[in-house]
Amino acid sequence: QVQLVESGGGLVQAGGSLRLSCAASGRYFSSYVMGWFRQAPGKEREFVAAISWSGGSTFYADSVKGRFTISRDNAKNTLYLQMNSLKPEDTAVYYCAAGNNWDSDYGVLEGIHSWGQGTQVTVSA
């Protein structure tokens, strides 16, 4: 397993930008498929974006395509989520996760074995 710590959340106006980071401890970060999820008050946790171990493939929820960009720096054991053109409906706690595989048929990050503690993102209208 790997320990994950998110940072970079905060309060931003609609149309603004934030960059989230997820720092990973452990030796095998570069072998994991990494993802971002979010959970708004009263709602279930939902998938936001995922990235292959090499960073060569990325996957996004329809609601964030064209606005969010996931990336990773394996040398720094860090995952990122650049969020642009933020909307009030993006308000949620954002979590990073480490998994084993991306199921392209179902659009699911499989074998999640580690979660971060979450970072709050609030977008005001």
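Residues numbered from 1 in each chain as written. Predicted model: local features only at pLDDT ≥ 70, side-chain atom pairs only at ≥ 80, totals over all residues. Heavy atoms only, no water.

Draft legend 1. Broad picture of the pairing of strand E9 (residues 92-99). Taking burial as the measure, the 8 residues of E9 include 7 buried ones, the bulk of the element. Bridge count for strand E4 (residues 33-39) against E9 is 7 bridges, and the pairing is antiparallel. When the sheet's bridge partners are listed, Val-33 is paired in E9 with Gly-99. Summarising the sheet, E9 and strand E13 (residues 119-124) pair through 3 bridges and their orientation is antiparallel. Residue pairing in the sheet places Val-93 in a bridge with Gln-120 of E13. Summarising the sheet, E9 and strand E12 (residues 114-115) pair through 2 bridges and their orientation is antiparallel. Its bridge partner being in E12, Ala-97 is matched across the sheet by Trp-115. (Buried < 20%, exposed > 50% of the residue type's maximum accessible area, 1.4 Å probe, protein only. Helix = DSSP H or I, 4+ residues; strand = E, 2+ residues; numbered from the N terminus. Pairing = 2+ DSSP bridges.)

Draft legend 2. Region of interest: the sheet that holds strand E8 (residues 78-83). Pairing within the open sheet is antiparallel, and its 4 strands lie in the order E1-E3-E8-E7. Edge positions in the sheet fall to strand E1 (3-7) and strand E7 (68-73), since each has one partner strand and no second. Neighbour-to-neighbour, the strand axes of this sheet turn through a mean angle of 15 degrees, independent of strand direction. The pairing of E1 with strand E3 (residues 18-25) spans 5 bridges and is antiparallel. Directly across from Ser-7, in E3, lies its bridge partner Ser-21. (Axes fitted to C-alpha atoms, helices over the stretch in contact; angles between N-to-C directions.)

Draft legend 3. Expanded view of the packing of aromatic side chains. With the rule as written, the count across this model stands at 5 aromatic pairs. Ring plane angle 65 degrees and centroid distance 5.0 Å describe the contact between Phe-37 and Trp-115, whose orientation is recorded as edge-to-face. In this pair, Phe-37 sits in strand E4 while Trp-115 sits in strand E12, placing the two residues 78 residues apart along the sequence. Judged by its relative accessible area of 36%, Trp-115 falls in the partly exposed class. Ring centres of Phe-59 and Trp-102 lie 4.4 Å apart, and the angle between their planes is 15 degrees; this geometry places the pair in the stacked category. Of the two residues, Phe-59 is situated in strand E6 (residues 58-60) and Trp-102 in strand E10 (residues 101-103); the sequence distance between them amounts to 43 residues. For Trp-102, a relative accessible area of 14% gives the class buried. Among the aromatic residues, those joined into a ring-pair cluster are Phe-37, Phe-47, Phe-59, Tyr-95, Trp-102 and Trp-115. Sitting over the face of the ring of Tyr-95, Arg-45 holds its NZ or CZ atom 3.9 Å from the ring centroid. Just above the ring of Trp-115 sits the side chain of Arg-45; from NZ or CZ to the centre is 4.4 Å. (Phe/Tyr/Trp six-rings, centres within 6.5 Å; stacked < 30°, edge-to-face > 60°. Lys NZ or Arg CZ within 6 Å of the ring centre and 35° of its normal.)

Draft legend 4. Geometry of the pattern of salt bridges. Applying the stated criterion across every chain yields a total of 4 salt bridges. A salt bridge links Asp-90 to Arg-67; its shortest N-O distance comes to 2.7 Å. Here Asp-90, found in the loop between E8 and E9, pairs with Arg-67, found in the loop between E6 and E7; they are 23 residues apart in sequence, far enough to count as distant. Of the two residues, Asp-90 and Arg-67, neither departs from the other in class, the shared state being buried. (Salt bridge = Lys/Arg side-chain N within 4 Å of Asp/Glu carboxyl O.)

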